[in-house]
Amino acid sequence: MTTTIAQCTDVAEFLRILHPPGTVFEIRAPNTSNRPDGEYASTYSGYFNDPELAAERIANDVPKFAPAIYVTMNPVMPDLLARADNCIKSKAKATTQDGNILKRRWLFFDIDPKRPAGISSTETETNAAMKLAKSLREYLTGKGWPEPLHGMSGNGGYLLYRLDLPVDGGGLVRSVLESLAGRFDSDKAEIDTTVHNASRIIKVLGTVAPKGADFRGNGEAEARPHRRSWFFPPRESLAPISVDQLKQVVSVNPTTKAACKPSRTPRPRTSFDRFDHTPDGVENYLVKHGVEVRSRKPVSNGTMLVLKRCPVHPDIEDHEGSSIGVLVDDSGKISYGNWHKRAGGLGGTQWVDVRDALEPGYRAFREQQRTKHMNPSPPVRISPAHNKSPTTLQRQPATDKTEAKSSS
């Protein structure tokens, strides 16, 4: 007889599964104010080697209205306990970067429903993401992969497979994500291919995902409630995936691919992250992609997000306090400046370069869309009854505002 496993919301249990005893990890809540209507936000962060204590500190020291609470999925250097030893502090000046990771312990699949940015998903959208997650899990099980840790992030599906790889995996993790996204993405849900970096933070399952308003629906729109995330505790210890198993799903020949999903054909990537063109929205986007935002500075026409290092040239680190930054002006326009003497100044690197570094392929997609929208449409013929000459519709180039997507 099959035993049904109940959905679990125990934060300490999730952290125990994610990190063995003694492993150091970071808990982080970006863009969190100290009160619900607070004008200024900061990053709450702490380093732990005790999952029970981490769960207690999350419950007591992170504001209940925090936009989201995350944890590093891979183990970090024990030295980082010196930043905040088993406690959570507001206004964190430094958070975990790829160079602070000891090894890759997890392969993460974040399955998002497609929906407008900045809002929770509907039940229909959530179910679409969970259905894709189930299909992906069954496919990988058929390939001989061990069972993952799987759950629901509050808006979509999570699958976490055990790994035992060095931090520099030669791009294998990215290749796996992109290969499977090309086969399983649908018009309703998709696999986030940007979560390949070693210092990736993921939602602490068992916490609430308060994205947008806690909208309960009306006669015209379906409910988009805030949900508590959950996971299924594994029946036994999770076994790691071998390198050969990882490579197997990347190097799939056309015959095998067609047999797996005959109704789909490989397609180039045409979907990139969406985010609000506000200081909070841009900072969330940067943090999601492992970029450390040191501080915010008000400027005459907007807000400057000061970065620790250049996302395009990570070897260039800011030691001056304000030489690398992203400007979000009051109209929503985003620009990037790297005034470091090694980077060539403001004109050397632009925001599109940052996007392309964080989401490979973005530049080509952006240029394709720009060209498409700049080409004039065919002439619109006016009926002779109007006694007017033919005219032509004029289209304006698409702005970056039309091309970003939020994460669940």
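See the structure above.
Residues numbered from 1 in each chain as written. Predicted model: local features only at pLDDT ≥ 70, side-chain atom pairs only at ≥ 80, totals over all residues. Heavy atoms only, no water.

Within the protein one finds nine helices and 15 strands. For the protein, the proportion of its 408 residues judged to be buried stands at 50%. Carbon and sulfur atoms make up 51% of the accessible area of the protein, which amounts to about 19,700 Å² in all. (Helix = DSSP H or I, 4+ residues; strand = E, 2+ residues; numbered from the N terminus. Buried < 20%, exposed > 50% of the residue type's maximum accessible area, 1.4 Å probe, protein only. Areas by Shrake-Rupley, 256 points an atom, 1.4 Å probe, with all protein chains shown as cover.)

In this section: helix 1 (residues 11–18). Among the eight residues that make up helix 1, six are buried, leaving the element largely enclosed by the rest of the structure. Listed as buried for helix 1 are Val11, Ala12, Phe14, Leu15, Ile17 and Leu18. Backbone nitrogen of Ala12 and a side-chain oxygen of the N-cap are separated by 3.0 Å at the start of helix 1; the cap is Asp10. (Polar contact = N/O pair within 3.5 Å; in protein donor to acceptor, adjacent residues only side chain to side chain.)

This paragraph deals with the sheet that holds strand 14 (residues 324–329). Within the open sheet, the four strands sit side by side as 12-13-14-15. Their pairing is antiparallel. Of all the strands in the sheet, the pair left with one neighbour each is strand 12 (293–299) and strand 15 (334–338). The mean inter-strand angle of the sheet, taken between neighbouring strand axes irrespective of direction, is 20°. Judged from the five bridges that link them, strand 13 (residues 302–307) and strand 14 form a sheet pairing that is antiparallel. (Pairing = 2+ DSSP bridges. Axes fitted to C-alpha atoms, helices over the stretch in contact; angles between N-to-C directions.)

Right, let's get into the pattern of salt bridges. Should their charged atoms come close, side chains of opposite charge can pair. This structure, assessed with the given rule, holds 17 salt bridges. Across the pair Arg28 and Glu26 runs a salt bridge whose closest N-O atoms are separated by 2.8 Å. Taking relative accessible area as the criterion, Glu26 reaches 0% and is therefore assigned buried. Of the charged contacts in the structure, one is a salt bridge between Arg296 and Asp280, with a shortest N-O distance of 2.3 Å. Within this pair, whereas Arg296 is found in strand 12, its partner Asp280 is found in helix 7 (residues 279–288), the two being separated by 16 residues in sequence. (Salt bridge = Lys/Arg side-chain N within 4 Å of Asp/Glu carboxyl O.)

Contact pair helix 3 (residues 123–142) / helix 4 (residues 172–184): the axes reach a minimum separation of 11 Å and the direction vectors enclose 115°. Considering how the two elements wind past one another, helix 3 and helix 4 form a crossing that is right-handed. Between helix 3 and helix 4, the contacting residues are Leu132, Ser135, Leu136, Tyr139 and Leu140 on the first element and Leu180, Arg183 and Phe184 on the second. Split into classes, the residues belonging to the contact of helix 3 with helix 4 amount to six nonpolar, one polar and one charged. (Left-handed = near helix turned anticlockwise from the far one by under 90°. Contact = heavy atoms within 4.5 Å. Nonpolar A, V, L, I, M, F, W, Y, C, P; charged D, E, K, R; others polar.)

Where helix 7 meets helix 8 (residues 351–358), the axes come as close as 11 Å, and the angle between the chain directions of the two elements is 40°. Comparing the axis directions of helix 7 and helix 8 gives the class oblique. Regarding helix 7 and helix 8, the two cross each other, and that crossing is left-handed. Between helix 7 and helix 8, the residues in contact are Val282, Tyr285 and Leu286 and Trp351, Arg355 and Leu358, respectively. (Parallel < 35°, antiparallel > 145°, perpendicular 65-115°, else oblique.)

The antiparallel open sheet is built from four strands, whose spatial order is 2-1-3-8. The sheet is open, and its two edges are formed by strand 2 (42–48) and strand 8 (201–203), each paired on a single side. Taken pair by pair, the neighbouring strands of this sheet meet at an average axis angle of 30°, ignoring direction. Judged from the six bridges that link them, strand 1 (residues 25–32) and strand 2 form a sheet pairing that is antiparallel. Considered in strand 2, the bridge of Thr32 is made with Ser42. The strands touched by helix 1 are strand 1, strand 3 (70–72) and strand 8; relative to strand 3, the strand with the most contacts, the crossing angle is about 20°.

Before going further, it helps to spend a moment on the side chain of Arg200. Within the secondary structure, Arg200 sits in the loop between strand 7 (189–191) and strand 8. Among buried Asp, Glu, Lys and Arg side chains, Arg200 stands out as unpaired, with Asp192 the closest opposite charge at 5.9 Å. Within polar-contact distance, the side chain of Arg200 engages the backbone oxygen of Thr194 at 2.8 Å. In this structure the side chain of Arg200 is engaged in a polar contact, spanning 2.8 Å, whose partner is the side chain of Asn197. Here Arg200 is in contact with Val71, Thr72, Met73, Phe108, Thr194, Val195, Lys288 and His289, once residues within four sequence places are set aside. (Lys, Arg positive; Asp, Glu negative; His and termini not counted.)

A full pass over the atoms with the stated rule returns 11 aromatic pairs. Here a set of aromatic residues connected by ring pairs shows up, and it is made of Phe109, Trp145 and Tyr161. The ring of Tyr362 carries Arg355 above its face, with NZ or CZ at 4.1 Å from the centroid. (Phe/Tyr/Trp six-rings, centres within 6.5 Å; stacked < 30°, edge-to-face > 60°. Lys NZ or Arg CZ within 6 Å of the ring centre and 35° of its normal.)

The end-to-end C-alpha distance of helix 3, which contains 20 residues, comes to 28 Å, matching closely the 28 Å that a straight helix rising 1.5 Å per residue would cover. Where helix 3 is concerned, the buried positions are Glu125, Thr126, Ala128, Ala129, Leu132, Ala133, Leu136, Arg137, Tyr139 and Leu140. Just beyond helix 3, the residue with positive phi is Gly144, at close to 90°. (Expected span 1.5 Å × (residues − 1).)

Time to look at the pairing of strand 1. Each regular strand displays side chains that alternate between the two surfaces of the sheet. Across the eight residues of strand 1, eight count as buried, placing the element largely inside the fold. One ladder, built from two bridges, connects strand 1 with strand 3; its direction is antiparallel. Bridging from a neighbouring strand, Arg28 pairs with Tyr70 of strand 3.

Let us look at the nonpolar core. Membership of the largest hydrophobic core comes to 58 residues, with the highest contact counts inside it found for Phe14, Ile27, Leu107, Phe109, Trp145 and Leu180. Residue contacts for Trp145: discarding those within four places in its chain leaves Leu107, Phe109, Leu140, Tyr161, Val176, Ile241, Gln245, Leu246 and Val249. Val282, Tyr285, Cys310 and Tyr336 belong to the second-largest nonpolar core, a separate cluster that totals 20 residues. (Core = buried A, V, L, I, M, F, W, Y, C linked by side-chain atoms within 4.5 Å.)

Function cannot be read off these values alone, since they describe shape.
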